[in-house]
Amino acid sequence: MTTPVIELKTADSQRIKSIDALRGLVMLIMLLDHVRERFFLHRQVSDPMDVESTEPALFASRLAAHFCAPIFVFLTGLSAWLYQQSARGESVSIFLLKRGLLLIVLEFTLVTFSWMGNFNTIYLQVIWAIGLSMLALALLVKMPRIAQWLLAVGIIALHNLLTPIQFSVDEWGYSLWTILHDRNYWIQTDWIAIKVSYPLLPWIGVILLGYCAGPLFDKQMPAAQRTTWLISAGICSLLLLLVLRGFNLYGETLPWQTLASPVHTLMSFFNFTKYPPSLDFLLLTLGVMALALAWLERFNTARFVSELSQFGAAPLFFYLLHLYVLLFIYMLLFAFYGANQGSYFGVDSIYSIWLISVVLALFLYWPTALFAAYKRRSTYRWIKYL
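Since the structure is predicted, the reported quantities are computational estimates derived from the model, not experimental observations.

Quick notes on unusual backbone geometry
Turning to step 1, where the next piece is worked out: A cis amide bond, omega -10°, links D47 with the succeeding residue P48.
Turning to step 2, where the next piece is worked out: Here P48 lies in the loop between helix 1 (17-39) and helix 2 (56-65).
Turning to step 3, where the next piece is worked out: Residues Y275 and P276 are joined by a peptide bond in cis, for which omega reads -5°.
Turning to step 4, where the next piece is worked out: As for its placement among the helices and strands, P276 is situated in the loop between helix 10 (262-269) and helix 11 (279-298).
Turning to step 5, where the next piece is worked out: In this model, N248 sits at a positive phi of 50°, which is unusual for a non-glycine residue.
Turning to step 6, where the next piece is worked out: On the basis of relative accessible area, N248 is assigned to the partly exposed category, the value being 35%.

Below you can see the structure in the form of structure tokens.
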């Protein structure tokens with residue numbers, strides 16, 4: 001019996017549905033997290049979270065959002081490999097350089113304004129991290145394959161050992177280390193402040209790992225073999241997490257503890273550091289991602305996969321659109337009702353955040369789907385960047 005081969009698409013007009021669907025799923029989770037940031041900021045959570053003061057529903061909402069950045073960055077590397085296989089006439093390094101620079105410019109301009117409504121404080125977040133990671137990958141694609149694998153796994157597995165390294169603001173290494181590994185203010189003056197919210201080094205390992213995983217999605221790869229590899233990788237990651245985290249051996253700075261209730265004990269176990277992402281954080285998120293990809297491929301023809309893929313087919317468009325819709329709604333409500341939660345306008349319940357997110361997802365589906373369709377038809381090269 002011949003092993004079936006799923007026809008995987010690599011051109012913009014023929015995209016891989018499971019990858020777009022996974023990207024779309026995490027973008028909806030990202031929407032939930034950004035609604036929380038807008039309307040539940042009076043209940044802001046720390047990193048790692050304070051388990052004893054964070055209600056389980058809020059903890060679960062934030063934990064779900066942990067999956068967004070690793071999957072975005074991993075799929076960026078995977079997409080770079082797919083791009084390299086297509087006959088476009090442009091090298092993948094040039095493509096990565098141009099796309100990375102564009103994302104960095106967007107982080108400093110449109111993204112910053114969408115969050116703050118001004119440029120007084122610039123928070124360099126996930127778009128910045130993806131942009132810089134793409135610049136790094138533009139250089140690393142030239143390395144031998146085995147060296148890429150070793151570097152990717154080495155960065156992800158060993159960067160926790162660098163945590164004790166610290167620089168004070170007046171030391172020579174402060175600025176570089178702030179960009180690479182520590183979440184600090186890069187520049188802070190009387191007229192502007194720039195804070196690196198996403199230290200870069202671990203994300204270079206993640207994007208390179210995604211690039212290395214690209215051959216799994218070669219159109220000649222048998223579907224059964226790809227699924228086996230994805231499931232095996234996911235299970236191995238989660239088993240390694242259970243060992244490292246279960247015995248508090250390595251991979252997370254804050255050990256888990258047995259608390260007053262089973263729910264809070266479980267929260268303590270899954271209370272991982274995101275800035276920068278710890279090894280345990282990445283084992284969980286990337287392990288679940290591998291299983292999710294295998295599951296989505298199994299239901300490749302299902303309607304819900306097609307609907308999710310609409311969000312994933314125009315990711316940057318959706319990202320910018322939802323941020324400005326949230327800014328507009330917040331400003332409108334603040335103008336009508338004023339500050340009702342300290343200095344913020346907000347809602348009283350995390351369940352209201354979930355409801356708002358569902359309504360916004362439905363509202364944003366049509367413009368995103370229409371733009372994705374236009375993007376597939378368009379002959380303008382710049383449209384592809386959105």
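Still more to cover.
Let's talk about a nonpolar patch on the surface
Turning to step 1, where the next piece is worked out: Together, I146, W149, L150 and V153 make up an exposed nonpolar region whose accessible area comes to about 410 Å².
Turning to step 2, where the next piece is worked out: By the element assignment, W149 lies in helix 6 (residues 145-158).
Turning to step 3, where the next piece is worked out: Relative accessible area serves as the criterion here: at 36%, W149 is assigned to the partly exposed category.

Focus: the nonpolar core
Turning to step 1, where the next piece is worked out: In this structure, F217 and Y319 are the most contacted members of the largest nonpolar core, which totals 115 residues.
Turning to step 2, where the next piece is worked out: Once you skip the residues sitting within four places of it in the chain, Y319 turns out to touch M27, M30, H34, V111, W115, V126 and I127.
Turning to step 3, where the next piece is worked out: Among the nonpolar cores identified, the runner-up in size contains 5 residues, and A313, A314, F371 and I383 belong to it.

A closer look at helix 13 (residues 315-337)
Turning to step 1, where the next piece is worked out: Over its 23 residues, helix 13 extends 33 Å from the first C-alpha to the last, a length consistent with the 33 Å expected when each residue adds 1.5 Å.
Turning to step 2, where the next piece is worked out: Along helix 13, the residues classified as buried are L316, F318, Y319, L320, H322, L323, V325, L326, L327 and Y330.
Turning to step 3, where the next piece is worked out: In this structure, the buried residues of helix 13 make contact with helix 1, helix 4 (92-116), helix 5 (126-140), helix 12 (303-312) and helix 14 (350-377).

Quick notes on the pattern of salt bridges
Where charged atoms from two side chains of opposite charge come close, those side chains can pair.
Turning to step 1, where the next piece is worked out: In this structure the tally under the stated criterion is 7 salt bridges.
Turning to step 2, where the next piece is worked out: Among the ionic pairs, R36 bridges to E37, the shortest N-O distance being 3.2 Å.
Turning to step 3, where the next piece is worked out: Note on R36: relative accessible area 1%, which makes it buried.
Turning to step 4, where the next piece is worked out: Put simply, R43 and E55 hold a salt bridge, and the shortest N to O gap is 3.3 Å. Of the two residues, R43 is situated in the loop between helix 1 and helix 2 and E55 in the loop between helix 1 and helix 2; the sequence distance between them amounts to 12 residues.
Turning to step 5, where the next piece is worked out: What you see here is one network of salt bridges that share partners, running through D33, R36, E37 and R62.

Topic: the packing of helix 1 against helix 11
Turning to step 1, where the next piece is worked out: The geometry of helix 1 relative to helix 11 is characterised by a closest axis approach of 9 Å and an angle of 125° between their N-to-C directions. Viewed along their axes, helix 1 and helix 11 adopt a mutual orientation that is oblique. Crossing handedness for the pair helix 1 and helix 11: right-handed. Residue-level contacts link S18, I19, A21 and L22 of helix 1 to M289, A292, L293, L296 and E297 of helix 11.
Turning to step 2, where the next piece is worked out: Class assignment for the residues of the contact of helix 1 with helix 11 results in 7 nonpolar, 1 polar and 1 charged.

So, the side chain of S278
Turning to step 1, where the next piece is worked out: Positionally, S278 belongs in the loop between helix 10 and helix 11.
Turning to step 2, where the next piece is worked out: Polar contacts involving the side chain of S278 include one to the main-chain amide nitrogen of F281, which spans 3.1 Å.
Turning to step 3, where the next piece is worked out: Other than its neighbours up to four places away in sequence, S278 contacts H159, N160, G251, E252, F272 and T273.

Brief notes about the packing of helix 3 (residues 68-85) against helix 4
Each pair of packed helices can be described by the angle between their axes along with the distance between the axes.
Turning to step 1, where the next piece is worked out: At a closest axis distance of 9 Å, the pairing of helix 3 and helix 4 adopts a crossing angle of 135°. It follows from the interaxial angle that helix 3 and helix 4 lie oblique. By crossing handedness, the relation of helix 3 to helix 4 is classed as right-handed. Taking contact as the criterion, the partners of A80, Y83 and Q84 in helix 3 are, on helix 4, V92, F95 and L96.
Turning to step 2, where the next piece is worked out: Each residue belonging to the contact of helix 3 with helix 4 can be placed in one class, and the counts come to 5 nonpolar, 1 polar and no charged.

Points about the confidence of the model for the protein
Turning to step 1, where the next piece is worked out: Model confidence for the protein is summarised by a mean pLDDT of 92, while 95% of its residues fall at 70 or above.
Turning to step 2, where the next piece is worked out: Scored below 50 in pLDDT, residues 1-13 makes 32 contacts in the model with residues more than four places away or belonging to other chains.

Quick word on the packing of aromatic side chains
Turning to step 1, where the next piece is worked out: Taken as a whole and judged by the stated rule, the model has 24 aromatic pairs.
Turning to step 2, where the next piece is worked out: Considering the side-chain rings of Y198 and W203, the 6.0 Å spacing of their centres and the 35° angle between planes classify their relative orientation as tilted.
Turning to step 3, where the next piece is worked out: The rings of F39, Y330, F334, Y337 and F345 are connected pair by pair, giving a single aromatic cluster.
Turning to step 4, where the next piece is worked out: Just above the ring of F217 sits the side chain of R226; from NZ or CZ to the centre is 5.7 Å.
Turning to step 5, where the next piece is worked out: Taking the ring centre of F269 as reference, the NZ or CZ of R245 above it sits at 6.0 Å.

Observations regarding the sheet that holds strand 3 (residues 193-196)
Turning to step 1, where the next piece is worked out: An order of 1-3-2 is seen for the 3 strands of this open sheet, with the pairing classed as mixed. The sheet terminates laterally at strand 1 (121-124) and strand 2 (185-188), the two strands that pair on one side only. Taking each pair of neighbouring strands and ignoring which way they run, the sheet shows an average axis angle of 10°.
Turning to step 2, where the next piece is worked out: One ladder, built from 4 bridges, connects strand 1 with strand 3; its direction is parallel.

About the cut-offs
- Each chain carries its own residue numbering, running from 1 in the direction its sequence is written.
- Residues qualify for local features only when their pLDDT is at least 70, as the model is predicted, and side-chain atom pairs are given and counted only at 80 or more; totals for whole chains, interfaces and linings, by contrast, use all residues.
- Derived side-chain values reflect all non-hydrogen atoms in the structure, with water molecules and hydrogen atoms excluded from consideration.
- Segments assigned H or I by DSSP are reported as helices when at least four residues long, segments assigned E as strands when at least two residues long, and all are numbered from the N terminus.
- Classification of residues uses two cut-offs on accessible area relative to the type maximum, computed with a 1.4 Å probe and protein chains only: under 20% is buried, over 50% is exposed, and between them is partly exposed.
- For patch building, the residue pool is restricted to those with more than 30% relative accessible area and no salt bridge; the joining distance is 9 Å between like charges and 5 Å between nonpolar side chains (Val, Leu, Ile, Met, Phe, Trp, Tyr).
- Note that accessible areas follow from Shrake-Rupley with a 1.4 Å probe, and for residues the cover is restricted to the protein chains shown.
- Throughout this description, the term salt bridge denotes a Lys or Arg side-chain nitrogen within 4 Å of a carboxyl oxygen of Asp or Glu.
- Residues enter a nonpolar core if they are buried and are Ala, Val, Leu, Ile, Met, Phe, Trp, Tyr or Cys, with the set joined through side-chain atoms within 4.5 Å.
- Residue contacts are defined here by distance: any two heavy atoms, one from each residue, within 4.5 Å place the two residues in contact.
- Expected span, for any helix, means 1.5 Å times one less than how many residues it has.
- Where helices are involved, their axes are fitted lines through C-alpha atoms of the stretch in contact, as for all axes, and angles between N-to-C directions lie from 0 to 180°.
- In these notes the angle categories are as follows: under 35 degrees is roughly parallel, over 145 is roughly antiparallel, 65 to 115 is roughly perpendicular, and the rest is oblique.
- For a crossing to be left-handed, the near helix must be turned anticlockwise from the far one by less than a right angle; the clockwise case is right-handed.
- Gly falls in the polar group here, along with every residue not listed as nonpolar (Ala, Val, Leu, Ile, Met, Phe, Trp, Tyr, Cys, Pro) or charged (Asp, Glu, Lys, Arg).
- Polar contacts, as counted here, are pairs of nitrogen or oxygen atoms within 3.5 Å of one another; within protein the pair requires one atom able to donate a hydrogen and one able to accept it, and residues that are adjacent in sequence qualify only if both atoms are side-chain atoms.
- Each residue carries a pLDDT score, the predictor's own confidence in it, on a scale running from 0 to 100.
- Aromatic rings from Phe, Tyr and Trp, with only the six-membered ring used for Trp, were paired whenever their centres fell within 6.5 Å, and each pair was classed as stacked if the ring planes differed by under 30 degrees, edge-to-face if by over 60, and tilted otherwise.
- By definition, being over a ring means that NZ of Lys or CZ of Arg is both within 6 Å of the ring centre and within 35 degrees of the ring normal.
- Between any two strands, at least two bridges found by DSSP are needed for them to pair.

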